[in-house]
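For reference, the chains in residue letters:
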Amino acid sequence: MKFVVSSLELLNNLSAIGKAIANKSQYQVLECFLLDLQGTTLKMTASDLEVTMTTQMEVDSSGGDGVIALPSRILLETLRNFPEQPLTFNITEDTLSVEVVSERGTKNFIAFPAEDFPVVPEIDEEGSNKIELSASTLLTGINKTLFATADDDLRPVMNGILIEIKNDHLTFVASDSHKLVRYRREDIKNEIDVSFILPKKPAGLLKSVLPKEVGDVTISFDEKNAFFQMPNYQLVCRLIEGNYPMYSAVIPQNNTYRIIVDRVDLSNALKLVSPFASSSKLVKISLSTDKMVVSAQDLDLSLSGLEELSCQYENDDLDIGFKVAFLSDILDNISSADIIVEMNDPTRAALILPFDKQENEDELMLLMPMQINT
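Figured I'd write up the structure that's included with this text. (Residues numbered from 1 in each chain as written. Predicted model: local features only at pLDDT ≥ 70, side-chain atom pairs only at ≥ 80, totals over all residues. Heavy atoms only, no water.)

Helix and strand content of the chain: six helices and 25 strands. Dimensions of the chain along its principal axes, counting C-alpha atoms only, are 80 × 50 × 35 Å. For the chain, with 374 residues in total, the buried portion stands at 51%. Intrachain contacts of the chain at a sequence separation of at least 6 include 66% that bridge at least 24 residues. (Helix = DSSP H or I, 4+ residues; strand = E, 2+ residues; numbered from the N terminus. Buried < 20%, exposed > 50% of the residue type's maximum accessible area, 1.4 Å probe, protein only. Contact = heavy atoms within 4.5 Å.)

Written out as structure tokens, the structure reads:
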């Protein structure tokens, strides 16, 4: 098995899929890349059993087809230190010896048998569903919701993104019980209503490669696995099993209070007052007619900070508290110059909505308040 490849192109491809490899694994072969050479096409695979990612590239080949597992750490560290140049890989599958020849030297190491590498799951054709959407739509849905996923060992369904596909819309949902995000596309439709829960790790992998993709993504899924076929990558992952909570039940309706405020101004105010917050990281927002005051204090250390903003508000004076990190996360992930904040009272969830809605998009974020000590 012999091939010649660009050092930079190989590094870029392996780096993209290498994020699927676990930092530590009880199986050494799972710390490897599987390289499958067929003609001049080199297919590369990385897996941690739960997530498998694959890509391919063209190489110059003269040594026949073959399959081998190469250790990822030494391969990536070696490639990172090469300037752009052609590399020749001479691999003897019988002895598992690998020789990498560069312009100025030679590197040798030992590979692992290809048959020890896990087999990629196959789709259950009879019980599967399929949908196609643009890479940009999938990327936006993941970007809008990934930050709101939980790290909850007791409720694993909260540790992923719910993707609901219905006959009149596509919805991405994530929640950690403190905040909830629902991003809906009304231009994506399906004949039947189906859903699955995408775990956090494969969602992060998709987020890293989708910006490089142009075209459509085909998503096929059954009860256990999801398959994302992209123009340059394929990702297969085990889904989170279980029923996602009825998130629509916690979204408040017919809200009494409504505020419109500049998103960047509010975000900057939070950054200015957050160093003065107590260990609870509470920030208080006080509302009066067309005015918002953002404040934080630590009575034990005699610290306090206050910023005053203009806003559109025409109701009774109101005080409400939020955890500053949660509110900042929402402001960083909402796409609108101005935002709308709606609520019924300071003890119940607040809705944060974009003032400028995009066509065919419905974006909603929910944040639970914190109690203000008086």
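The rest of the description comes next.
The final tally for this structure, using the stated rule, is three aromatic pairs. Their ring planes at 5° and their centres at 4.9 Å tell us that Phe-3 and Phe-89 sit as a pair that is stacked. A residue pair is termed long-range when its members are at least 10 positions apart, and Phe-3 in strand 1 (residues 2-6) and Phe-89 in strand 7 (residues 86-92) qualify at 86 residues. Ring geometry for Phe-172 and Tyr-183: centres 6.2 Å apart, planes at 40°, overall tilted. (Phe/Tyr/Trp six-rings, centres within 6.5 Å; stacked < 30°, edge-to-face > 60°.)

On to the nonpolar core, then. A general feature of soluble globular proteins is that nonpolar side chains tend to end up buried together. With 66 residues, the main nonpolar core has Phe-3, Phe-89 and Phe-228 as its most contacted residues. A per-element tally of this core places helix 1 (residues 7-18) first, with five residues. Not counting the four nearest positions on each side in its chain, Phe-3 is found in contact with Leu-35, Leu-37, Leu-42, Val-59, Asp-60, Ser-61, Leu-87, Thr-88, Phe-89 and Ile-91. Counting 36 residues, the second largest nonpolar core, distinct from the first, contains Ala-174, Phe-322, Leu-327 and Met-343. (Core = buried A, V, L, I, M, F, W, Y, C linked by side-chain atoms within 4.5 Å.)

On to the pairing of strand 19 (residues 282-288), then. Summarising burial for strand 19: six of the seven residues are buried, a large majority. Sheet analysis places strand 19 next to strand 20 (residues 291-298), joined by five bridges and oriented antiparallel. Looking at strand 20, one finds that Leu-287 is bridged to Met-292. Taking the residues between adjacent antiparallel strands as the criterion, strand 19 and strand 20 are bridged by two residues, where Asp-290 takes a positive phi near 55°. (Pairing = 2+ DSSP bridges.)

Glancing now at the packing of helix 5 (residues 263-273) against helix 6 (residues 324-332). Helix 6 packs onto helix 5 with a crossing angle of 150° between their chain directions and a minimal axis gap of 10 Å. Considering their axes alone, helix 5 and helix 6 lie roughly antiparallel with respect to each other. Our pair here, helix 5 against helix 6, has a crossing hand that is left-handed. Contact residues: helix 5 offers Arg-263, Leu-266, Ser-267 and Leu-270, while helix 6 offers Val-324, Leu-327, Ser-328, Leu-331 and Asp-332. Of the residues contributing to the contact of helix 5 with helix 6, the split by class is five nonpolar, two polar and two charged. (Axes fitted to C-alpha atoms, helices over the stretch in contact; angles between N-to-C directions. Parallel < 35°, antiparallel > 145°, perpendicular 65-115°, else oblique. Left-handed = near helix turned anticlockwise from the far one by under 90°. Nonpolar A, V, L, I, M, F, W, Y, C, P; charged D, E, K, R; others polar.)

Inspection of the secondary structure assignment puts Val-261 in strand 18 (residues 257-262). Using a relative accessible area of 2% as the deciding quantity, one classes Val-261 as buried. Each C-alpha atom, one on Val-261 and one on Val-51, is 42 Å from the other, the two residues being 210 residues apart in sequence. Not counting chain neighbours up to four residues away, the residues in contact with Val-261 comprise Leu-266, Met-292, Leu-309, Ser-310, Cys-311, Ala-337, Asp-338 and Ile-339.

One open sheet accounts for four strands, arranged 21-20-19-22; its pairing is antiparallel. Both edges of this open sheet fall to strand 21 (303-310) and strand 22 (318-323), since each of them pairs with a single strand only. For this sheet, the mean angle separating the axes of adjacent strands, direction not counted, is 20°. Those strands touched by helix 5 are strand 19, strand 20 and strand 21, and its axis lies near 170° from that of strand 21.

Let's shift gears to the pattern of salt bridges. Taken as a whole, this structure holds eleven salt bridges when the rule is applied. The residue Arg-155 makes a salt bridge to Asp-152 at a minimum N-O spacing of 3.3 Å. The class for Arg-155 is partly exposed, based on a relative accessible area of 40%. For Lys-179, the salt bridge is made with Asp-176, and the minimal N-O distance between the two is 2.7 Å. Within the structure, one salt-bridge network assembled from shared partners comprises Arg-185, Asp-187 and Glu-361. (Salt bridge = Lys/Arg side-chain N within 4 Å of Asp/Glu carboxyl O.)

Pairing is antiparallel in the open sheet, where eight strands are placed in the order 14-11-12-13-25-24-23-18. Either end of the sheet is taken by a strand with one partner, and the two such strands are strand 14 (194-199) and strand 18. When strand polarity is set aside, the average angle formed by the axes of neighbouring strands in this sheet is 20°. Where strand 24 (residues 350-354) lies against strand 25 (residues 361-367), three bridges are found, and the strand directions are antiparallel. What sits directly across from Ala-350, in strand 25, is Leu-367. Packing of helix 6 onto the sheet brings it into contact with strand 13 (179-185), strand 23 (338-343), strand 24 and strand 25, and relative to strand 25 it is tilted by some 170°.

Remark: helix 1 packs on helix 2 (residues 72-80), axes separated minimally by 9 Å, with the N-to-C direction vectors making an angle of 135°. Looking at the two axes, helix 1 sits oblique to helix 2. Taken as a pair, helix 1 and helix 2 cross one another with a handedness that is left-handed. Of the residues in helix 2, those in contact with Ser-7, Leu-10, Leu-11, Leu-14 and Ser-15 of helix 1 are Leu-75, Leu-76, Leu-79 and Arg-80.

Checked against the element boundaries, Val-273 lands in helix 5. Here the alpha-carbon distance between Val-273 and Asp-176, two residues 97 residues apart in the chain, equals 25 Å. Setting aside its immediate chain neighbours within four residues, Val-273 contacts Val-283, Val-294, Ser-295, Ala-296, Gly-305, Leu-306 and Glu-307.

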